[in-house]
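# Geometric and topological summary
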Amino acid sequence: MPIRQLSETMINQIAAGEVIERPASVVKELVENALDAGASRVEIVTAGGGLNLIRVTDDGSGIPEQELALAVARHCTSKLSDSIHDIRSLGFRGEALPSIGSVARLSIRSRTAGGDSAAEIGIDGGRVSAVKPAAANRGTTVEVRDLFFATPARLKFMKGERAESSATSDVVKRIAIAFPAVRFTLAGADRSTLELPATSDTPEGRLARVAQVMGKDFPDNAIAIDAAREGVHLAGHVSIPSYTRANALQQYAYVNGRPVRDKLIAGAIRGAFADVLPRDRHAVTVLFLSLDPSTVDVNVHPAKADVRFRDPGLVRGLIVGAIREALAGAGIRAATTGAAGMMAAFRPGEAPYSHAGPANGHRSYEAAYHASASGGFDPLRSAQRPLDMGEARAPRNGFAENEQAAFDAGPLASADVRAGMAEPAEALLGMVLGAARAQVHENYIVAQTRDSLVIVDQHAAHERLVYEALKNALHSRAVPSQMLLLPEIVDLPEEDAERLAMHSETLAKFGLGLERFGPGAVAVRETPSMLGETNVQQLVRDLADEIADNDTVETLKERLDKIAATMACHGSVRSGRLLKAEEMNALLRQMEATPGSGTCNHGRPTYIELKLADIERLFGRR
């Protein structure tokens, strides 16, 4: 087949295959156009998951009538200066509208602030209609119908209506976080209405917008981030270690206001939380990176979802360092969701009549019934009856007082009180974790503050304390190394060997001594003593891969930290050990002074706090 010039429609359909993957991609492009036009209000309406209808209306600057034909022409844009390296808008390529119009039925109706009337233009499967007068308010309305009708094969790859609607919601929320001063509305017959009222473009307003998108729990369980290094500024919020999610979908990252899903940023977040989260849990983050547009390339992905930094090591180091510093400076905090779960666990439910378990430390109801049958025992009048047998029943909003009054003052299963009966000092009650009052089940410390009850897992807490001490000792000086009897020769691609040689001084601090051994190999002469017998070949190759990806040697550091974590687990206070009051209070004070002590090495919480107001609600006092 001879080489020939493709038609304009075919060119646009090829571009649409890259840019327009699904209805959510159309919404993203149209909303970005609205924001670039200075809109303060963006309304999105969809039908059929976006395949039948997408309508985006804004109150931006509008498009002049004489420019409408250019707006739907390929590679025509008002957003790009003479330099591709100075991009300050969300869009810049000028191919979204013609690409959408080549695979759908597109109409654009727009009116400028100074225009006497509006104008409209349409594209039907690549065929452009003439510009004609229309009636509209200031701003632009873009309507897309029958998406992919011109490329029906693409419809086979679409998911269900609900999945497409969910993807569109995620796109709108992701963009809305970066523009808190803009009001967003997403509605349609295929979804429940999403309304995000405008806030202010201040730190408080941005956090309020984040709460609208991510829920009211996030601000209460978040730590502010504000750091800068060599012209790169990082701001935003990250969750405390005990507030996590099962996936990374609630990790939002922005570069100069542009939502991105960048593996370098995701890896930096994962590295910053590596010490404090379980392997199957993920932090909740909202991070904004601001830097000179010339130092970041946003033109590396068709949908502009990925970026490339001129100095990736600087950006990664800033993110990791800022998050770790914020976690250390935030002190000890427990997630508010822990108290909510505790409240739910304490609330009484409907107890079955035949319940045979012990009730409040007494004999079981069944045993008491059979033992007293010959003596005229009346189960309805017994102090040991289940809660659902009384004639007068209190509202089920907690442990109501009149239900509790039915129980007599018989012997109860008491806590193993090691703190004594003396009242705690007033100064201890004012501490974050308060004063120890008892040890329960030889593993849990019960402490009291002025307005809360604190329960501490002594093993998990001490495990974190020992781990942090080991890490400080490990990284405050060069890691001891062991000399190999014979150097281990590792064959590598020449570029990997060069990268390892460039980082040899840093690796030596962690106990790994290596040097170049010809053009495509390195000779390993020393390994960290803590690793014992290790697979040197695999270790060196893993390090080479990480240096190629992130220009760091975190793999070796993480392996050493993992050994320290194992040592801490076996060297900490074990469950079942009885503690004196002084020991319990000393443990609490150490926790308050140790960064990250809210979770153990495995990411589990070390303590739970229940406010006095919550306890009073449990007992029906509120």
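Residues numbered from 1 in each chain as written. Predicted model: local features only at pLDDT ≥ 70, side-chain atom pairs only at ≥ 80, totals over all residues. Heavy atoms only, no water.

## Re helix H16 (residues 494–502)
Buried within H16 we find Asp496, Ala497 and Leu500. Taken end-on, H16 shows its buried residues confined to a sector of 100 degrees, consistent with a single buried face. (Buried < 20%, exposed > 50% of the residue type's maximum accessible area, 1.4 Å probe, protein only. Helix = DSSP H or I, 4+ residues; strand = E, 2+ residues; numbered from the N terminus. Arc of directions from axis to C-beta.)

## Details of the side chain of glutamine 251
Summarising the element assignment, glutamine 251 is placed in strand E13 (residues 251–255). When its relative accessible area of 16% is taken as the criterion, glutamine 251 is described as buried.

## Side note on a nonpolar patch on the surface
A cluster of nonpolar side chains, contributed by Leu6, Met10 and Ile14, occupies part of the molecular surface with about 250 Å² of accessible area. Checked against the element boundaries, leucine 6 lands in the segment before helix H1 (8–19). (Patch = residues over 30% accessible without salt bridge, like charges linked within 9 Å, V, L, I, M, F, W, Y side chains within 5 Å. Areas by Shrake-Rupley, 256 points an atom, 1.4 Å probe, with all protein chains shown as cover. Salt bridge = Lys/Arg side-chain N within 4 Å of Asp/Glu carboxyl O.)

## Considerations on the pattern of salt bridges
Here the idea is simple: oppositely charged side chains can pair when their charged atoms come close. Scanning all chains against the criterion turns up 21 salt bridges. Linking arginine 525 and glutamate 515 is a salt bridge whose minimum nitrogen-to-oxygen distance equals 2.8 Å. Separated by 10 residues along the polypeptide, arginine 525 in strand E24 (residues 521–528) and glutamate 515 in strand E23 (residues 513–516) bring together distant segments of the chain. Judged by relative accessible area, which is 34%, arginine 525 ranks as partly exposed. On the basis of relative accessibility, which here comes to 37%, the residue glutamate 515 falls in the partly exposed class.

## What about the environment of alanine 37?
Among the secondary structure elements, alanine 37 is positioned in the loop between helix H2 (23–36) and strand E1 (41–47). In the structure, alanine 37 is positioned 23 residues away from glycine 60 in sequence and 5.0 Å away in space, judged by C-alpha atoms. With near-sequence residues (within four places) excluded, alanine 37 lies in contact with Gly60 and Ser61. (Contact = heavy atoms within 4.5 Å.)

## Quick look at the side chain of threonine 599
Tracing the chain through its elements places threonine 599 in the loop between helix H20 (581–593) and strand E25 (607–611). Owing to a relative accessible area of 1%, threonine 599 belongs among the buried residues under this scheme. Within polar-contact distance, the side chain of threonine 599 engages the backbone oxygen of valine 276 at 3.3 Å. If near-sequence neighbours (up to four positions away) are discounted, threonine 599 is found in contact with Pro241, Ser242, Val276, Arg464, Arg604, Pro605 and Thr606. (Polar contact = N/O pair within 3.5 Å; in protein donor to acceptor, adjacent residues only side chain to side chain.)

## Some remarks on the sheet that holds strand E10 (residues 222–229)
Ordered in space as E10-E11-E16-E13-E14, the five strands form an open sheet in which the pairing is mixed. Either end of the sheet is taken by a strand with one partner, and the two such strands are E10 and strand E14 (258–260). Neighbour-to-neighbour, the strand axes of this sheet turn through a mean angle of 20 degrees, independent of strand direction. Across three bridges, E13 lies against E14 in antiparallel orientation. Its bridge partner being in E14, tyrosine 254 is matched across the sheet by proline 259. (Pairing = 2+ DSSP bridges. Axes fitted to C-alpha atoms, helices over the stretch in contact; angles between N-to-C directions.)

## Describing the pairing of strand E4 (residues 118–124)
For E4, a buried count of six out of seven residues is recorded, marking the element as mostly surrounded by other parts of the structure. Relative to E4, strand E3 (residues 105–111) runs antiparallel, the two being bridged by six bridges. Opposite serine 107, over in E4, you have glycine 122 as the bridge partner. What sits between the antiparallel neighbours E3 and E4 is a turn of six residues. Both E4 and strand E6 (residues 132–134) contribute to a ladder of three bridges, which runs antiparallel. Residue pairing in the sheet places glutamate 120 in a bridge with lysine 132 of E6. The pairing of E4 with strand E5 (residues 127–128) spans two bridges and is antiparallel. Across the sheet, aspartate 124 pairs through a bridge with arginine 127, a residue of E5.

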